[in-house]
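What follows is the residue order along each chain.
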Amino acid sequence: MGRSGIVARLFLTAWLVYGAHLTSNVVRETYLAVAIGERLTFRVDPYLGLHPDLFEIPGRGSYIDGNPGASILGALPYALARPAIAGLFYLKPSLARPKPAAAYDDPRPNRTRYMNEMRARGLDVKLALAAFAIQLGLMAPLGAMAAVVLFRFLTLRLGDQRKALWLALLYTFATPLFFRSGFLNQNAIVAHAVLVAWVALGWPGADHDSVRVRRWLGAGLCLGIGLLCDYSAAPLAVVFGCWAIGEGWAAGGLRTAARRSLAYVAGAAGPIALLLFYQWSAFGSPWFPAQHYMPATEFSVRGWNGFTLPTFDLLWGNLFDLRFGLLVFCPMLALALAAPFLRRTREFLNGREVAIALLGVGALWLFSSSIQFGNLQWNTGVRYMVPAVPLLFFLMLPVVGALPRWTAGIVVGASLVVSWAVAMTREDPVSAIRMVFTEGPTLPLLIVLRKTAAAYAPFLGSGAQPAGIAAVLILALAVWAVWRVGRRAASPEPL
């Protein structure tokens, strides 16, 4: 296959696998995406009471406790899917009618409570279909795009197309991006933005000042979109901004530093202006985040709207907690910590790139450990540290390449097992691995249908194992067909 053939097959593989692992989880961003896609409004009044992160401001309406970027992006695939969803309800009106309470076989009581509130309002099927449309039309394509971008970049950096392909597949399926792409998620989108910004700045042959200015403009746009999606992009945006200044100063002094840093700021200005407009429109002031206006909770009263100095519990937990620690969800990323001490690292990353990657990860870690809402991650798995994945992955590559093959195989294999298990089951790594090895492989939607079998899938009342195994086998066959059907024996295209 030529390079173009590999790109198409890689994209389709990532989209198929990510799409097959979609879930019916309706998160706070889903409600805003539906509101924008249906009524071009930021208000989520019809859905108040369906999620703890929806709150009402007297006289202004109801809003989500978060930034709007992921919802704005998700509104487009939902709007495109609306005619099909409306057609389904026209053919079967009972799907949109109120329904009696039902059981959700899960130890987390909120899942039963909010599901039954949706059923009582006749919104359960509509919101699930909205979640599917957004995952298939946004999250799965973004994950596939990230795989392709990384493949093209590594092909140029390494000069080895086959190795670049395997590493792109490793990034796609052995990191928490797989888990986080099962539904609309702002943390995964921020990670994609960081990856694209890094690749734009590190693309070979971009040393001329005018080219660097354009690339910094693009990097600013990426990090601005990250901020529009979530404030966790702020420390990364600051580190990249310092990179622009430092690189420009080293390349040509004050004037060059000003030109590149101003390009970076200009790129970020549009998304940041949209964020400020959203906060002004929703809350009456552009200067404060949603957390400033939400009703008081256990964590929002700590520090400034839940933001404090880093706490030891979160510093430890964001990396090593068995329920949401980044290095528990992806053990191979721990190898990145050895990169600064390895001479081989300089063959892949220059000294400035190593420093920026470490500073970016460190800044995000400190920032995430200051947000007291991070104590709630046990309920949803790794979240806040996900944007660090691209930076850690680049640092990890020279380290894993220097290890004995059997050692690298163990670390990479463990990460693949954990990643696939949590993507399938939506549980913490320990519980996920136990479920997969005792009950067999499955898909997350089948697990939800099994837990709500009395209401939605009586045929799964006795268990989802046969259906899950069959679904996984069909997916494996589809992926095999992607790489085999129409394949011609040909020399790879030149790099």
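The model shown is predicted, which means the values in this text are computed figures rather than measured ones.

*Asks:* An account of the environment of isoleucine 189 is requested, with residue identities and associated values reported.
*Replies:* Within the secondary structure layout, isoleucine 189 lies in helix H8 (residues 186-202). By relative accessible area, isoleucine 189 is classed as buried at 5%. Sequence separation between isoleucine 189 and glycine 246 is 57 residues; the distance between their C-alpha atoms is 27 Å. Not counting the four nearest positions on each side in its chain, isoleucine 189 is found in contact with Ala70, Leu73, Leu138, Met139, Leu142, Leu184 and Cys229.

*Asks:* Quick rundown of the packing of H8 against helix H9 (residues 209-229)? Include the residues and the values.
*Replies:* Axis angle and axis distance: for two packed helices, these are the angle between their axes and the distance between the axes, and together they describe the pair. Look at H8 against H9: their axes get within 9 Å of each other, and the N-to-C directions meet at 175 degrees. Viewed along their axes, H8 and H9 adopt a mutual orientation that is roughly antiparallel. Here Gln186, Ile189, Val190, Ala193, Val196, Ala197, Ala200 and Leu201 of H8 come into contact with H9, specifically with Arg212, Arg215, Trp216, Ala219, Cys222, Leu223, Gly226 and Cys229. Tallied by class, the residues present in the contact of H8 with H9 amount to twelve nonpolar, two polar and two charged.

*Asks:* So what's going on with the pairing of strand E1 (residues 54-57)? Residues and values would help.
*Replies:* In this structure, E1 lies alongside strand E2 (residues 61-64), joined through four bridges in antiparallel fashion. Bridge assignment links glutamate 56 to a residue of E2, and that residue is serine 62. With antiparallel pairing between neighbouring strands as the criterion, E1 and E2 make up a hairpin whose turn holds three residues, including glycine 59 at a positive phi of roughly 85 degrees.

*Asks:* I'd like a rundown of the pattern of salt bridges, residues and numbers included.
*Replies:* Here the idea is simple: oppositely charged side chains can pair when their charged atoms come close. Enumeration according to the criterion identifies 19 salt bridges in this entry. With a closest N to O distance of 2.8 Å, arginine 259 and aspartate 209 form a salt bridge. Placement of arginine 259 in helix H11 (residues 254-283) and of aspartate 209 in helix H9 is noted, with a sequence separation of 50 residues between them. Put simply, aspartate 321 and arginine 323 hold a salt bridge, and the shortest N to O gap is 3.0 Å. Salt bridges linked by common partners bring Asp209, Arg212, Glu247, Arg259 and Arg260 together as one network.

*Asks:* Describe the nonpolar core, naming the residues involved and giving the relevant values.
*Replies:* One finds Trp198, Phe394 and Met396 to be the most contacted residues of the largest nonpolar core, which totals 145 residues. The element contributing the most residues to this core is helix H5 (residues 124-158), with 17 residues. When near neighbours in sequence (up to four residues on either side) are disregarded, tryptophan 198 contacts Phe153, Phe240, Trp243, Leu349, Glu353, Ile356, Ala357, Leu391 and Phe394. If you look at the next biggest cluster of nonpolar residues, it comprises five residues, including Leu446, Ala457, Leu460 and Val472.

*Asks:* Kindly report on the packing of aromatic side chains, identifying the contributing residues and their values.
*Replies:* Across all of its chains, the model carries 23 aromatic pairs by this definition. An angle of 85 degrees between the planes, with centres 5.8 Å apart, marks the rings of tryptophan 216 and tyrosine 264 as edge-to-face. Here tyrosine 264 lies in helix H11 and tryptophan 216 lies in helix H9, a separation of 48 residues in the sequence. The burial state of tryptophan 216 is the same as that of tyrosine 264; both residues are buried. Their ring planes at 20 degrees and their centres at 4.7 Å tell us that phenylalanine 283 and tyrosine 293 sit as a pair that is stacked. Of this pair, phenylalanine 283 sits in helix H11 while tyrosine 293 sits in the loop between H11 and helix H12 (312-320); the two residues are ten residues apart in sequence, bridging distant segments of the chain. Here the aromatic residues Phe153, Trp198, Trp203, Trp216, Phe240, Trp243, Tyr264, Phe348 and Phe394 are joined through ring pairs into a cluster of three or more.

*Asks:* Quick rundown of the side chain of asparagine 185? Include the residues and the values.
*Replies:* Residue position: asparagine 185 is located in the loop between helix H7 (176-180) and H8. Look at asparagine 185 and you get buried, because its relative accessible area is 2%. Excluding anything up to four places from it in sequence, asparagine 185 contacts Met139 and Arg180.

Scoring rules and cut-offs
- Residues numbered from 1 in each chain as written.
- Predicted model: local features only at pLDDT ≥ 70, side-chain atom pairs only at ≥ 80, totals over all residues.
- Heavy atoms only, no water.
- Helix = DSSP H or I, 4+ residues; strand = E, 2+ residues; numbered from the N terminus.
- Buried < 20%, exposed > 50% of the residue type's maximum accessible area, 1.4 Å probe, protein only.
- Contact = heavy atoms within 4.5 Å.
- Axes fitted to C-alpha atoms, helices over the stretch in contact; angles between N-to-C directions.
- Parallel < 35°, antiparallel > 145°, perpendicular 65-115°, else oblique.
- Nonpolar A, V, L, I, M, F, W, Y, C, P; charged D, E, K, R; others polar.
- Pairing = 2+ DSSP bridges.
- Salt bridge = Lys/Arg side-chain N within 4 Å of Asp/Glu carboxyl O.
- Core = buried A, V, L, I, M, F, W, Y, C linked by side-chain atoms within 4.5 Å.
- Phe/Tyr/Trp six-rings, centres within 6.5 Å; stacked < 30°, edge-to-face > 60°.

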